[in-house]
Amino acid sequence: MDLLEQQVAFIKEVEGMKSVLREAWTSSGRRESTAEHSWRLALLAGLLAPSFHVDLSKTLMMCLIHDLGELYMGDISAVSNPDKKAKHLAEEHDVRRILSFLPEAQQEALMALWREYNDENTEEAKLVKALDKAETIIQHNQGKNPPDFDYEFNLTYGEQSFTGDPFLIRLRKILDDETTGKMR
């Protein structure tokens, strides 16, 4: 296969992300897909990135690939309190599997970007990690959730990702206030 054929094969394979369901509900009451989450995360990052000193292209690509590890094994909700190390290793294995559709140079570049996101060693990774949590909380607050939905979970979810930056601290306060309003 040539370069373009490999890239098209990859795009066909990641179509499966549209069918991976998360533990979040849309405003119409259906479960959200991982692809929908990643798309809205990218849009959120595109809107907020000008408030940070980040590479927008890198940030957006990080948003789009951050959950590739869910393609084959599905979304493992943070609420289920999974073994984080085992989850990470399984996701890394699956990210390698999906990236194998691409030419080696793109495999390596995207794997490095996925690792960067998980290691949170750069401004882009820190921002995407915080916005990943923010998008999830926004969806929880916006969704038509089941009657037993645990809004209290939102108040601690990813809170460590919002420290140190006044903009992110303000964003977190907005989300926490919204969550508190849903609990009444």
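In what follows, the structure referred to is the one given above.
Report follows, based on the coordinates. (Residues numbered from 1 in each chain as written. Predicted model: local features only at pLDDT ≥ 70, side-chain atom pairs only at ≥ 80, totals over all residues. Heavy atoms only, no water.)

### Considerations on the environment of lysine 87
Note that lysine 87 resides in helix 5 (residues 84-99). Lysine 87 gets classed as partly exposed once you look at its relative accessible area, which sits at 23%. Sequence separation between lysine 87 and isoleucine 76 is eleven residues, and the spatial gap between their C-alpha atoms is 8.1 Å. Sequence-distant contacts of lysine 87, that is, excluding residues within four places in its chain, are made with Met73, Ile76 and Pro82. (Helix = DSSP H or I, 4+ residues; strand = E, 2+ residues; numbered from the N terminus. Buried < 20%, exposed > 50% of the residue type's maximum accessible area, 1.4 Å probe, protein only. Contact = heavy atoms within 4.5 Å.)

### Quick word on the packing of helix 2 (residues 34-48) against helix 7 (residues 123-142)
Helices that pack against each other are described as a pair by the angle of their axes relative to one another and the distance between those axes. The interhelical angle for the contact between helix 2 and helix 7, taken along N-to-C directions, is 115°, at an axis separation of 9 Å. In the crossing of helix 2 with helix 7, the sense of the turn from one axis to the other is right-handed. Contacts between helix 2 and helix 7 pair His37, Arg40, Leu41, Leu44, Ala45 and Leu48 from the former with Val128, Leu131, Asp132, Ala134, Glu135, Thr136, Ile138, Gln139 and Gln142 from the latter. The class makeup of the residues in the contact of helix 2 with helix 7 is eight nonpolar, four polar and three charged. (Axes fitted to C-alpha atoms, helices over the stretch in contact; angles between N-to-C directions. Left-handed = near helix turned anticlockwise from the far one by under 90°. Nonpolar A, V, L, I, M, F, W, Y, C, P; charged D, E, K, R; others polar.)

### What about the pattern of salt bridges?
Should the charged atoms of two oppositely charged side chains come close, the side chains can pair. A full pass over the atoms with the stated rule returns 13 salt bridges. Across the pair glutamate 116 and lysine 58 runs a salt bridge whose closest N-O atoms are separated by 2.8 Å. Linking glutamate 116 in helix 6 (residues 104-119) with lysine 58 in helix 3 (residues 56-65), this pair joins segments that are 58 residues apart in sequence. Residue classification places lysine 58 among the partly exposed residues on the basis of a relative accessible area of 25%. Between glutamate 123 and lysine 126 there is a salt bridge, with the nearest N and O atoms lying 3.9 Å from each other. Residue glutamate 123 and its partner lysine 126 are located together in helix 7, separated by three residues, close to a single helical turn. Here glutamate 123 falls in the partly exposed class, since its relative accessible area comes to 48%. Overall, lysine 126 belongs to the partly exposed group, its relative accessible area being 39%. (Salt bridge = Lys/Arg side-chain N within 4 Å of Asp/Glu carboxyl O.)

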